[in-house]
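# Chain and residue survey
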Amino acid sequence: MPFRFSLEGVLSFRKNVEHAEELTLNRILQEIATTQQQLQSMQTDHRLLREQRDRDLAQARPAAYLTELAEKEQYIERVIEIVQRQLRELDNKREAQLTVLRAAQQDREVLDKVRKQKHDTYQREQNHREQKTLDDLFLSRIKNGN
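The structure reproduced in this document is the subject of the present report. Quantities reported herein were computed from a predicted structural model and do not represent experimental measurements.

A word on the overall build of the chain. Helices and strands together make up the secondary structure of the chain, namely two helices and zero strands. Whereas a compact globule of 146 residues would reach a radius of gyration of roughly 15 Å, the chain reaches 34 Å, over 25% beyond that. Each of the three principal axes of the chain carries a C-alpha extent, and together these read 120 × 25 × 15 Å. For the chain, the proportion of its 146 residues judged to be buried stands at 20%. Counting only contacts in the chain whose residues sit at least 6 apart along the sequence, the fraction spanning at least 24 positions is 84%. About 11,200 Å² of surface is accessible on the chain, with carbon and sulfur atoms providing 52% of the total. When the 26 basic and 25 acidic side-chain charges of the chain are each reduced to a single mean position, those positions are 7 Å apart.

Here you go:
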């Protein structure tokens, strides 16, 4: 009789849950990477705008133009703050999801260990039965004189 694990359905379910949690974590990590790229782009834009402003100040540009540059700079600074806040929130989500994933992994690992123990016990019993059959066959041949 082949080995059957009575909790195979539960183990399969736990594997699926773990996989789903991994996918969720990967989506969060992708979102973090995208947001970091946006932040870097904004910071580059901000640096370039400041350099432009400094050059324009040295060239005595009209006040209205300089005011517009200052407003653009303030806008970019606000957007950078928003993106940085989003990154902190995403990092918190990542940490929380990592905790959920670890719990799912532990749940699955517990059942994997139980399954392995049951399979090992089954194998020992199977080997014992086979050996007993061989021993009985050997003893019957000796009894019959063959």
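Now that the structure has been shown, we can carry on.
Glancing now at the environment of Tyr122. When you line up the elements, Tyr122 lands in helix H2 (residues 63-143). Between the C-alpha atom of Tyr122 and that of Phe5, which follows or precedes it by 117 residues, the distance is 10 Å. Look past the residues within four positions of Tyr122 in its chain and what remains in contact with it is Met1, Pro2, Phe3 and Arg129.

Right, let's get into the pattern of salt bridges. Applying the stated criterion across every chain yields a total of 13 salt bridges. For Arg115, the salt bridge goes to Glu8, with nearest N and O atoms at 3.1 Å. One end of the pair, Arg115, is in helix H2; the other, Glu8, is in helix H1 (residues 8-58), with 107 residues separating them in the sequence. Using a relative accessible area of 29% as the deciding quantity, one classes Arg115 as partly exposed. The structure contains a network of salt bridges with shared partners spanning Glu18, Arg108, Glu109 and Asp112.

Summed over the entire model, instances satisfying the criterion amount to one aromatic pair. A centroid spacing of 5.4 Å and a plane angle of 55° characterise the contact between Phe3 and Tyr122, whose relative ring orientation is tilted. Residue Phe3 is found in the segment before H1, and its partner Tyr122 is found in helix H2; the two are separated by 119 residues along the sequence. Accessibility expressed as a relative area gives 15% for Tyr122, which makes it buried. Of note, Arg61 hangs over the ring of Tyr65, and the distance from its end group to the ring centre comes to 5.9 Å.

If you trace the backbone, Glu18 turns up in helix H1. Beyond its immediate sequence surroundings of up to four residues, Glu18 is in contact with Leu101, Ala104, Gln105 and Arg108.

In this section: unusual backbone geometry. The residue Ala60 is not glycine, and still its phi comes out positive at about 55°. With respect to the element layout, Ala60 can be found in the loop between H1 and H2.

On the surface, a cluster of nonpolar side chains totalling about 330 Å² of accessible area is made up of Phe138, Leu139 and Ile142. Secondary-structure assignment places Ile142 in helix H2.

Bringing the nonpolar core into the picture now. Core analysis: the largest hydrophobic core is formed by eleven residues, namely Ile28, Ile32, Leu39, Leu49, Leu69, Ile76, Val79, Ile80, Val83, Leu87 and Leu90. It is H2 that provides the largest number of residues to this core, a total of seven residues. Not counting residues up to four positions away in its chain, the partners in contact with Leu90 are Ile28, Glu31, Ile32 and Thr35.

Calculation notes
- Residues numbered from 1 in each chain as written.
- Predicted model: local features only at pLDDT ≥ 70, side-chain atom pairs only at ≥ 80, totals over all residues.
- Heavy atoms only, no water.
- Helix = DSSP H or I, 4+ residues; strand = E, 2+ residues; numbered from the N terminus.
- Rg over C-alpha atoms; globule rule 2.2 N^0.38 Å.
- Buried < 20%, exposed > 50% of the residue type's maximum accessible area, 1.4 Å probe, protein only.
- Contact = heavy atoms within 4.5 Å.
- Areas by Shrake-Rupley, 256 points an atom, 1.4 Å probe, with all protein chains shown as cover.
- Lys, Arg positive; Asp, Glu negative; His and termini not counted.
- Charge placed at Lys NZ, Arg CZ, Asp CG, Glu CD.
- Salt bridge = Lys/Arg side-chain N within 4 Å of Asp/Glu carboxyl O.
- Phe/Tyr/Trp six-rings, centres within 6.5 Å; stacked < 30°, edge-to-face > 60°.
- Lys NZ or Arg CZ within 6 Å of the ring centre and 35° of its normal.
- Patch = residues over 30% accessible without salt bridge, like charges linked within 9 Å, V, L, I, M, F, W, Y side chains within 5 Å.
- Core = buried A, V, L, I, M, F, W, Y, C linked by side-chain atoms within 4.5 Å.

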